[in-house]
Structures are given as C-alpha cells and as structure tokens.
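# Remarks on the overall topology
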Amino acid sequence: MSNKANRSQWWRLFLSSFVGFALIFILLGIIVFVLFSRAMLTSTDQTLRVERSARLAGPPHRMTQRDTQQKQQPNKGGSAHPFMTTTLVFNSKGKIINQAQLGSRYDSLKDIQLHRSEVGQLKSIVVGGKYNFRTLLTKVPQSNNDRSLAGRYLLIMENIDPQKSAMRNFRRIMLMTMGIFWLLSILISVWLSRLTMRPILKSWGRQTEFVGNAAHELRTPLTIIQNKLELLLTKPNDKIIDQAENIAIANSESQRLQKLTHDLLALARSDSNTLQTNFERTEVADFLSRTVEPYTEIAASQGKQLVLTPITPFKATLDQNLIHQLMNILIDNAMKYSPQGSTITISAKIIGRKWQLVVADQGIGIAPDQRRHIFDRFYRIDSSRSRQTGGNGLGLSIAHWIVDLHHGTIGVRDNQPQGSQFVTTLPLTPPTSLPTRHKTVKG
Ligand code: ADP
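Keep in mind the model is a prediction, meaning the values are calculated, not measured.

### What to know about the overall build of the protein
The number of helices and strands found in the protein is 10 helices and 11 strands. In the protein, which comprises 443 residues, the share counted as buried stands at 39%. Counting every atom, the protein has about 25700 Å² of accessible surface; 57% of that belongs to carbon and sulfur.

### Let's talk about the side chain of asparagine 132
For asparagine 132, the location among the structural elements is in strand E3 (residues 131-139). Note on asparagine 132: relative accessible area 13%, which makes it buried.

### Describing helix H10 (residues 395-405)
Counting buried residues along H10, 10 of its 11 residues qualify, which places the element largely inside the surrounding structure. Restricting attention to buried positions, one finds in H10 the residues Gly395, Leu396, Ser397, Ile398, Ala399, His400, Trp401, Ile402, Val403 and Asp404. At the C-terminal side of H10, histidine 407 shows a positive phi close to 60 degrees.

### Quick look at the sheet that holds strand E1 (residues 85-90)
Whether parallel or antiparallel, the strands of a sheet pair through hydrogen bonds between backbone atoms. The strand order across the open sheet formed by four strands is E1-E4-E3-E2, and the pairing between neighbours is antiparallel. Both outer strands of the open sheet, E1 and strand E2 (122-127), are each paired with one neighbouring strand and no more. Neighbour to neighbour, the strand axes of the sheet diverge by 30 degrees on average, direction disregarded. As judged from the six bridges shared by E2 and E3, these two strands associate in the antiparallel manner. Bridge pairing in E3 places serine 124 opposite arginine 134.

### Side note on the packing of helix H5 (residues 161-234) against helix H6 (residues 244-272)
Running from amino to carboxyl end, H5 crosses H6 at an angle of 160 degrees, the nearest separation of the two axes being 9 Å. Considering their axes alone, H5 and H6 lie roughly antiparallel with respect to each other. Helix-helix and strand crossings are classified by hand; for H5 and H6 the assignment is left-handed. When H5 is examined against H6, the residues Phe210, Ala214, Glu217, Leu218, Pro221, Leu222, Ile224, Ile225, Lys228, Leu231 and Leu232 are found in contact with a partner set consisting of Asn246, Ile247, Ile249, Ala250, Glu253, Ser254, Arg256, Leu257, Leu260, Thr261, Leu264 and Leu267. Taken together, the residues of the contact of H5 with H6 sort by class into 16 nonpolar, three polar and four charged.

### Description of the packing of helix H7 (residues 284-301) against helix H8 (residues 320-336)
Where H7 contacts H8, the two axes come as close as 10 Å, and the packing angle between them is 30 degrees. Classified by the angle between their axes, H7 and H8 sit roughly parallel to one another. Crossing of H7 against H8: the hand is right-handed. Contact residues: H7 offers Phe287, Leu288, Arg290, Thr291, Val292, Tyr295, Ile298 and Ala299, while H8 offers Gln320, Ile323, His324, Met327, Asn328, Ile331 and Met335. Per-class residue counts for the contact of H7 with H8 are 10 nonpolar, four polar and one charged.

### Regarding the confidence of the model for the protein
Do not read the fine detail of predicted coordinates wherever pLDDT is low. This prediction gives the protein a mean pLDDT of 85; 89% of its residues lie at or above 70. Below a pLDDT of 50 lies the segment residues 60-82, which in the model reaches 42 contacts outside its immediate sequence neighbourhood of four places, other chains included. Ignoring residues within four places in sequence, the model shows residues 433-443, a span with pLDDT below 50, making 29 contacts including any to other chains.

### Some words on the environment of alanine 367
Take alanine 367: it is sitting in the loop between strand E9 (354-360) and helix H9 (383-388). Taking relative accessible area as the criterion, alanine 367 reaches 36% and is therefore assigned partly exposed. With 14 residues separating them in the primary sequence, alanine 367 and isoleucine 381 have C-alpha atoms 9.4 Å apart.

### A few points about a nonpolar patch on the surface
On the surface, a cluster of nonpolar side chains totalling about 670 Å² of accessible area is made up of Ile180, Phe181, Leu184, Leu187, Ile188, Trp191 and Leu195. Relative to the helices and strands, leucine 195 resides in helix H5. Given a relative accessible area of 36%, leucine 195 falls into the partly exposed group.

### With respect to the UniProt feature "transmembrane region" (unreviewed entry) in the protein
Within the UniProt annotation, "transmembrane region" (unreviewed entry) is assigned to residues 12-36 and 173-192. In residues 12-36, the share of helix is 100% and the share of strand is 0%. The end C-alpha atoms are 36 Å apart. Within the segment residues 173-192, helix and strand shares are 100% and 0% respectively, and the terminal C-alpha atoms sit 28 Å apart.

### A short note on the pattern of salt bridges
If you walk through the whole model with that rule in mind, you get seven salt bridges. Linking arginine 380 and glutamate 217 is a salt bridge whose minimum nitrogen-to-oxygen distance equals 2.8 Å. Note that arginine 380 is positioned in the loop between E9 and H9 and glutamate 217 in helix H5, a separation of 163 residues in sequence. Judged by its relative accessible area of 18%, arginine 380 falls in the buried class. Overall, the relative accessible area of 5% leaves glutamate 217 in the buried class. Between arginine 371 and aspartate 414 there is a salt bridge, with its nearest N and O atoms 2.4 Å apart. A residue pair is termed long-range when its members are at least 10 positions apart, and arginine 371 in the loop between E9 and H9 and aspartate 414 in strand E10 (residues 409-414) qualify at 43 residues.

### Re unusual backbone geometry
Each neighbour pair has its own omega, and for glutamine 416 with proline 417 the value is 0 degrees, a cis peptide bond. Here proline 417 shows up in the loop between E10 and strand E11 (420-427). Even without being glycine, phenylalanine 378 reaches a positive phi, approximately 65 degrees. Note on placement: phenylalanine 378 falls in the loop between E9 and H9.

### Section: the packing of aromatic side chains
According to the stated counting rule, one finds 10 aromatic pairs in the structure shown. Ring geometry for phenylalanine 21 and phenylalanine 25: centres 6.4 Å apart, planes at 20 degrees, overall stacked. Here the residue phenylalanine 21 and the residue phenylalanine 25 both occupy positions in helix H1 (residues 3-57), the gap between them amounting to four residues, near one helical turn. Note on phenylalanine 21: relative accessible area 22%, which makes it partly exposed. By relative accessible area, phenylalanine 25 is classed as buried at 17%. Following the ring pairs from residue to residue traces out a cluster consisting of Trp10, Trp11, Phe14 and Phe18.

About the cut-offs
- Residues numbered from 1 in each chain as written.
- Predicted model: local features only at pLDDT ≥ 70, side-chain atom pairs only at ≥ 80, totals over all residues.
- Heavy atoms only, no water.
- Helix = DSSP H or I, 4+ residues; strand = E, 2+ residues; numbered from the N terminus.
- Buried < 20%, exposed > 50% of the residue type's maximum accessible area, 1.4 Å probe, protein only.
- Areas by Shrake-Rupley, 256 points an atom, 1.4 Å probe, with all protein chains shown as cover.
- Pairing = 2+ DSSP bridges.
- Axes fitted to C-alpha atoms, helices over the stretch in contact; angles between N-to-C directions.
- Parallel < 35°, antiparallel > 145°, perpendicular 65-115°, else oblique.
- Left-handed = near helix turned anticlockwise from the far one by under 90°.
- Contact = heavy atoms within 4.5 Å.
- Nonpolar A, V, L, I, M, F, W, Y, C, P; charged D, E, K, R; others polar.
- pLDDT = per-residue confidence, 0-100.
- Patch = residues over 30% accessible without salt bridge, like charges linked within 9 Å, V, L, I, M, F, W, Y side chains within 5 Å.
- Salt bridge = Lys/Arg side-chain N within 4 Å of Asp/Glu carboxyl O.
- UniProt positions renumbered as here; feature names shortened; annotations may be inferred.
- Phe/Tyr/Trp six-rings, centres within 6.5 Å; stacked < 30°, edge-to-face > 60°.

Structure, rendered in structure tokens:
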C-alpha cells in the first residue's frame, strides 16, 4: 500500500465518521425542532378549542373576556399586534357579518376567505402579510341556542406571533449550535481516523520492513550459492576435492537458508496465531536435563563448558516443543557470543507462582542501550559478526514470541563478572488471558 493508498484510506475513514456525525446531528436537530414547534402550538390549539366550546354554548353572540379586553385597549400605532384573539362570523355566502364588533380590526381581516371544507381543522395563517394566527373554523348547527348564529361559520383566531418569533429564535440557535457541532465533529473525525489508522500504519510498516529484511537476508546466501555454482560450471573437469572449499561454502549457505526459512515460517505463524500449542504438566528438572544434554558435547567440542545447576524438582505447565526451541535459541546464542574456555550456566527455580529460567554466559555481554532492541526482528548488534556465527537476528524475536505464548516475560541483564544472563520468567500454570510484553530485567 503506497502513501496515496494510506491517504485515501484515511479520507474514507474521516468521511464516514464525519457523515455519521452529521447525520446524527441533523436528525437530532429535526426531532428537537419538530417537538418544540408542536409543543409551541399545542397550548394555542387548546385555547382555540375552549373558545369554540364557549362560542357554541354561550349567550347570543357574546364577546369573550379577551375580545372585550382588546376592544378596551385599541391598537396604538401600526406596528404592534392589533389583537390577540378574535372571531370572524361568516354567513353561508362567505361574507363577514360581525364587522361592527371587529371595529378597526376589520380592515386587516376583511380579506380572509371562508373555506367551508376546512371546518374543524386547525390551521396557521398570515394576516396582513405579517401577523401570524392559528385558526379553527367551525359551523354553528341550525339547532344552536343563539338563533342569530345558526347555520353561520365561526373562524376563531389566536395570534401566534410570539410563538413564531420564539420558533425563529430557536431555529437560529439550533443552526448555530449545529454549525459548531459540525466543526467539532470534523475535529473528532480527524482525531478518530488518525487513531484508527495508527495501528494499521504501524503494522503495515512492520510488515513492509519484515518483508524487506527477509528478502535481503534470503538474497545474500542465494547469491553466494549461485556464484559458487557458476564457478563450478566453469571448471567441469575439476574433481570434487579440488572444489571442496567452494562446495562447503555453498553447503553452509544453504544450511543458513534452511534455518532462515524455518525461522521466517515460525514468525509468520506467530503473526497469524495459527500455531497449535500443546501445554502439558512437565517435571521441569528432568525436561531441562534432557534438553541441555546434547549441547554439552557441542560446547565441549568448541572448548566451552555447559553446566546445568542442580534443580529442586517442581512441575510446570508448558509446551515442551516450544520451550525446547527457546532453550535452543538461548543456548545457541550463549555459545555463539562467548569465547573458548568460558562456561555457560543454566539454572531454574520457583519464585512464588512462577518459575525462572536463567541462561548465563561469560561472553561479550550486551550494552544496556541495546537490550531493548535485541528482541526485535532482524536486529543484530554486530551484523558482520552475527553473519560469521550464522545469526539472522530472528532467534530472540522467536524466543520472545514463545515466552508471550506462555504468558511470561523475558529480559537480559549483566552476568558477573562478565557476559549476559537471559532471564525467562514463566507462570507455573499459564492463564488463558492475553500475552504480556517482554521487559528488560535490570542487573
Ligand atoms: P542472531 O541470530 O543474530 O543471534 P538473535 O535474535 O538471536 O539473532 O540475537 C539478536 C542479537 O542479540 C545478536 O545478533 C547478538 O548481537 C545479540 N545477542 C544475543 N544473545 C547474545 C548473548 N548471549 N551475548 C551477547 N550478545 C547476544
């Protein structure tokens, strides 16, 4: 995946979370606004219904208390509301017949038409281009007490300018708040998409680095083998003994290749979590002596001594194949990086509910600032030396993975007076929880 692809992935993540946020805010805004508008008109509609009942049941064509109050407080100036509530009485031809009671209000109201089909309906209308009213049209039954109203139409009107202006203010505040929240959601989306991309980029970076390193490691022995074979082809009449050195080099490089592919496979398995583990109760002292024994002879052949200190018998649950592999890596390294005549000591003991395995050598030691890195893949402190000893920088990362699988820790500290100690601490019974990270044990 190129940088461009990373960026487009980032954009996709950003847009999806931003659109998600925006939709939530819009939906929330609409719901709140609709509920607010309804609540605003509910009390007005209630007033209109009460007014209708009063009109139909009341004395002949009486004015309501509010009509009276408004008549006593005539409209001063043109801009104030001319009235809050009023009733228009239409005859069956649609003509307003209570003009006298309406007084000065009639001028504003005279253009209102009667729509017979709207009987019983609550409606919002605008009068004179600027006054908002909620109306309820009702038809007075022929049997009405007040004979003068029988068969007429009443349009009961309630001014809703204050509610309308409250709604306008509310809408403005809502839009402003939504704008602010959209800006916030842009920031949150940027933050979220960065947060989501970080592990992807990290693992992608590691993967690319791993493949690059692996290719590099594979290329060197392959090139050497190819060169040696080409050299042999130029001398078809030579005997094997004449080319023994070249053949030996090709052979050792192919062994190197084999170890490398084996290690790469182990790491690939560790990444994909496809390994089947086989944990079993194990008598640790016996298991360690069986594992260490073959190395004693190899060490002796290199002029080194391998010592397994006496271990008080105890049992632990472990995967024998994997711990065997761990021991191989640690003992192999201890021998690789220590001089002739030195001693490698292996010891194990119980500490609380854990047990500790220590592989100590009297070799070149590891500087404190390197200790953090030696468990990284392909990391070698001195790559030219490591190549001579056949190292590929994968051993300790496999060791770390094995220890992780056992829910343990692995670290390195100084050995006195010289060399390093690799300290592995494993639970006597590994829990089923997630693995922990390795740490450097301070010496
Ligand atoms: P390698 O195959 O190169 O040994 P490892 O992952 O096993 O790779 O080790 C990483 C590096 O750690 C080695 O290259 C070496 O520099 C250092 N190292 C490991 N074990 C020891 C040790 N016992 N003494 C000194 N250095 C060590």
